[in-house]
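For reference, the chains in residue letters:
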Amino acid sequence: MALEEYWRKRKFEKTPEPKGEVKFAGKSRFVVHDHYAEKAGHHHDFRLEMEGVLKSWAIPKLVPEEKGVKRLAVQVEDHPIDYINFKGIIPKGEYGAGEVKIFDKGNYKLIERDENKIVFELKGKKLKGVYTLVKLKGRKNQWLIFKAK
Ligand code: MN
């Protein structure tokens, strides 16, 4: 199951995050969370609705809004679709402890996808335009994200 790792990392009696389930909603949405994590500090969590889950990447230096700027994006466990509306405070001592806010959300259009590359157009309020996520060779879970020139 795609959400096992997500469920295993969290105690749902302690965190306000949704337990969720795999859900094929037939939509193509994205969300970017502002996550003020106690451990990792402020970063973005970028999520694309795909295959009934939210494919997710942590972006330590935030999603680039300027064309051509490349930023590291570390793929993390798939999150449930319900997480698209999540905001709140993950309590101290729990996985991802800290405040989570929604930076932007909207729809996206998939342009190209294979196992090492995803190209898509974001149609958010703040983030608009064609973005690419490309996997770094030989590095587990490490990708780059950039906006097309
Ligand atoms: Mn995070």
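Residues numbered from 1 in each chain as written. Predicted model: local features only at pLDDT ≥ 70, side-chain atom pairs only at ≥ 80, totals over all residues. Heavy atoms only, no water.

(A) Layout of the nonpolar core. Formed by 19 residues in total, the largest nonpolar core has its most connected members in Phe46, Leu48, Phe120 and Leu133. Every element with two or more residues in this core is listed here: β1 (29–37), β2 (41–50), β3 (53–59), β6 (98–114), β7 (117–124), β8 (128–135) and β9 (142–147). One finds Leu3, Val31, Tyr83 and Ile90 within the second-largest nonpolar core, a separate group that totals eleven residues. (Core = buried A, V, L, I, M, F, W, Y, C linked by side-chain atoms within 4.5 Å. Buried < 20%, exposed > 50% of the residue type's maximum accessible area, 1.4 Å probe, protein only. Helix = DSSP H or I, 4+ residues; strand = E, 2+ residues; numbered from the N terminus.)

(B) Focus on the environment of Glu112. Summarising the element assignment, Glu112 is placed in strand β6. Given the relative accessible area of 38%, Glu112 is considered partly exposed. When the C-alpha positions of Glu112 and Phe46 are compared, they lie 18 Å apart, and in sequence the two are 66 residues distant. Excluding its chain neighbours within four sequence positions, the residues that come into contact with Glu112 are Lys117, Ile118 and Val119. (Contact = heavy atoms within 4.5 Å.)

(C) Looking closely at the coordination of the manganese ion. Listed as protein donors to the manganese ion are His35 (ND1), His43 (NE2) and Asp45 (OD); their distances from the metal cover 2.1 to 2.2 Å. Taken in sequence order, the residues that donate to the manganese ion follow the motif H-x7-H-x1-D. Of the two residues, His35 and His43, both sit in the buried class. (Donors = N, O, S within 2.8 Å, 3.2 Å for Na, K, Ca; no water.)

(D) Examining the pattern of salt bridges more closely. Across all of its chains, the model carries 13 salt bridges by this definition. Glu77 is the partner of Lys9 in a salt bridge, and the nearest nitrogen-oxygen pair spans 3.4 Å. Here Lys9, found in helix α1 (residues 4–9), pairs with Glu77, found in strand β4 (residues 71–79); they are 68 residues apart in sequence, far enough to count as distant. What makes Lys9 partly exposed here is its relative accessible area of 30%. Note that Glu51 is salt-bridged to Lys55, the shortest N-O span being 3.4 Å. Classification of Glu51 by relative accessible area gives partly exposed; the value is 46%. Judged by relative accessible area, Lys55 falls into the buried class, the value being 12%. (Salt bridge = Lys/Arg side-chain N within 4 Å of Asp/Glu carboxyl O.)

None of the figures reported here should be taken as evidence of function without further support.
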